[in-house]
Amino acid sequence: KQEVTQIPAALSVPEGENLVLNCSFTDSAIYNLQWFRQDPGKGLTSLLLIQSSQREQTSGRLNASLDKSSGRSTLYIAASQPGDSATYLCAVEGNTPLVFGKGTRLSVIA
Amino acid sequence: SQTIHQWPATLVQPVGSPLSLECTVEGTSNPNLYWYRQAAGRGLQLLFYSVGIGQISSEVPQNLSASRPQDRQFILSSKKLLLSDSGFYLCAWRSPGQKNFGPGTRLTVL
């Protein structure tokens with residue numbers, strides 16, 4: 001059974017810092033890995049999708065990497081801004097539909 | 001462009017009352033549709049998914065049921081709500097390679 005773990009559960013950083021969010025999964029037989037952002041009381045916004053054959057994806061200040069063999073992914077956020085404050089969710093898709101981690105709650109302090 | 005709608009946005013219901021949450025998708029045909037629940041401290045859990053009209057797969061045994069009466073309509077129901085049914089319910093559809101989520105329904109069972 002696939003399990004997804006995200007560390008840390010919460011993170012508070014000053015504005016302008018670069019930061020890394022971690023995601024690990026137990027079953028490396030995945031099709032893809034997706035990072036989402038969730039604002040309080042809102043739905044999920046897809047940030048980046050990495051196919052199993054890819055090593056990383058970039059969008060603006062965000063960079064996600066995937067090491068499928070070790071079951072790990074990282075989301076790198078450069079030059080963080082207060083507007084980046086949200087919960088970030090990692091999810092993997094394999095033989096079963098998306099399995100989510102519990103998320104990392106990020107606060108960027110101005 | 002594709003759009004996903006959910007209603008109501010929030011709902012407060014007494015224990016033992018029925019439930020009906022609706023999800024509709026625009027701008028695509030024959031989508032794979034999903035219901036997820038996000039409960040406090042438990043992350044996102046897949047409840048049901050559907051690959052077509054009348055086709056429902058259940059991921060976990062529970063007090064809820066789902067139906068897909070039309071191609072772009074997915075309904076989550078219960079005959080008698082339990083306290084444990086409280087949570088944030090998200091509908092999603094699958095475009096090539098990724099999931100796209102609706103705005104969610106916050107359900108509080110009292």
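Residues numbered from 1 in each chain as written. Chains lettered and ligands numbered in written order. Predicted model: local features only at pLDDT ≥ 70, side-chain atom pairs only at ≥ 80, totals over all residues. Heavy atoms only, no water.

Some words on the interface of chain B and chain A
Counting from both sides, the interface comprises 19 residues of chain B and, opposite them, 17 residues of chain A. Taking both sides of the interface into account, the surface hidden between chain B and chain A amounts to around 1,300 Å²; carbon and sulfur atoms contribute 54%. Our count for the contact surface shared by chain B and chain A stands at one salt bridge. In this structure, R94 of chain B engages E93 of chain A in a salt bridge whose closest nitrogen and oxygen atoms are separated by 3.1 Å. Within the residue set of the side of chain B that touches chain A, elements represented by two or more residues are β4 (32-39), β5 (43-52), β9 (87-95) and β10 (98-101) of chain B. The element best represented in the side of chain B that touches chain A is β5 of chain B, accounting for four residues. Tallied by class, residues from the side of chain B that touches chain A come to nine nonpolar, six polar and four charged. (Contact = heavy atoms within 4.5 Å. Buried area = accessible area lost by both parts, 1.4 Å probe. Salt bridge = Lys/Arg side-chain N within 4 Å of Asp/Glu carboxyl O. Helix = DSSP H or I, 4+ residues; strand = E, 2+ residues; numbered from the N terminus. Nonpolar A, V, L, I, M, F, W, Y, C, P; charged D, E, K, R; others polar.)

Some details on the state of the cysteines
Residue and element names in this part refer to chain A. The tally for this structure, following the rule as stated, stands at two disulfides over all chains. What pairs with C23 in a disulfide is C90, and their sulfur atoms sit 1.9 Å apart. Since a negative S-S torsion denotes a left-handed disulfide, the C23-C90 link at about -55° is left-handed. Of this pair, C23 sits in strand β3 (residues 19-25) while C90 sits in strand β9 (residues 86-93), placing them 67 residues apart in sequence. Each member of the pair, C23 as well as C90, carries the same accessibility label: buried. (Disulfide = S-S within 2.5 Å. Buried < 20%, exposed > 50% of the residue type's maximum accessible area, 1.4 Å probe, protein only.)

Points about the pairing of strand β1 (residues 3-7) of chain B
One face of the sheet, then the other: side chains in a regular strand alternate in exactly this way. Residues and elements named next belong to chain B. Of the two faces of β1, the one holding I4 and Q6 is buried and the one holding T3, H5 and W7 is not buried anywhere. Here β1 runs beside strand β3 (residues 19-26); their pairing, made up of five bridges, is antiparallel. Among the inter-strand pairings, T3 is bridged to a residue of β3, identified as E26. (Pairing = 2+ DSSP bridges.)

A look at the sheet that holds β3 of chain A
All names here are of chain A. Ordered by their spatial adjacency, five strands build an open sheet running β1-β3-β8-β7-β6, and the pairing between neighbours is antiparallel. The two strands at the open ends of the sheet, each matched to only one other strand, are β1 (4-7) and β6 (56-59). Going from strand to strand, the sheet's axes swing by 15° on average, the running direction of each strand aside. Relative to strand β7 (residues 62-67), β6 runs antiparallel, the two sharing four bridges. Along β7, the bridge assignment pairs S59 with L62. (Axes fitted to C-alpha atoms, helices over the stretch in contact; angles between N-to-C directions.)

A look at unusual backbone geometry
Note the cis peptide between I7 of chain A and P8 of chain A, where omega equals 0°. Here P8 of chain A lies in the loop between β1 and β2 (10-14). Across the junction of W7 of chain B and P8 of chain B, the peptide omega takes the value 0°, indicating a cis bond. The topology assignment puts P8 of chain B in the loop between β1 and β2 (10-13). In this model, A79 of chain A sits at a positive phi of 45°, which is unusual for a non-glycine residue.

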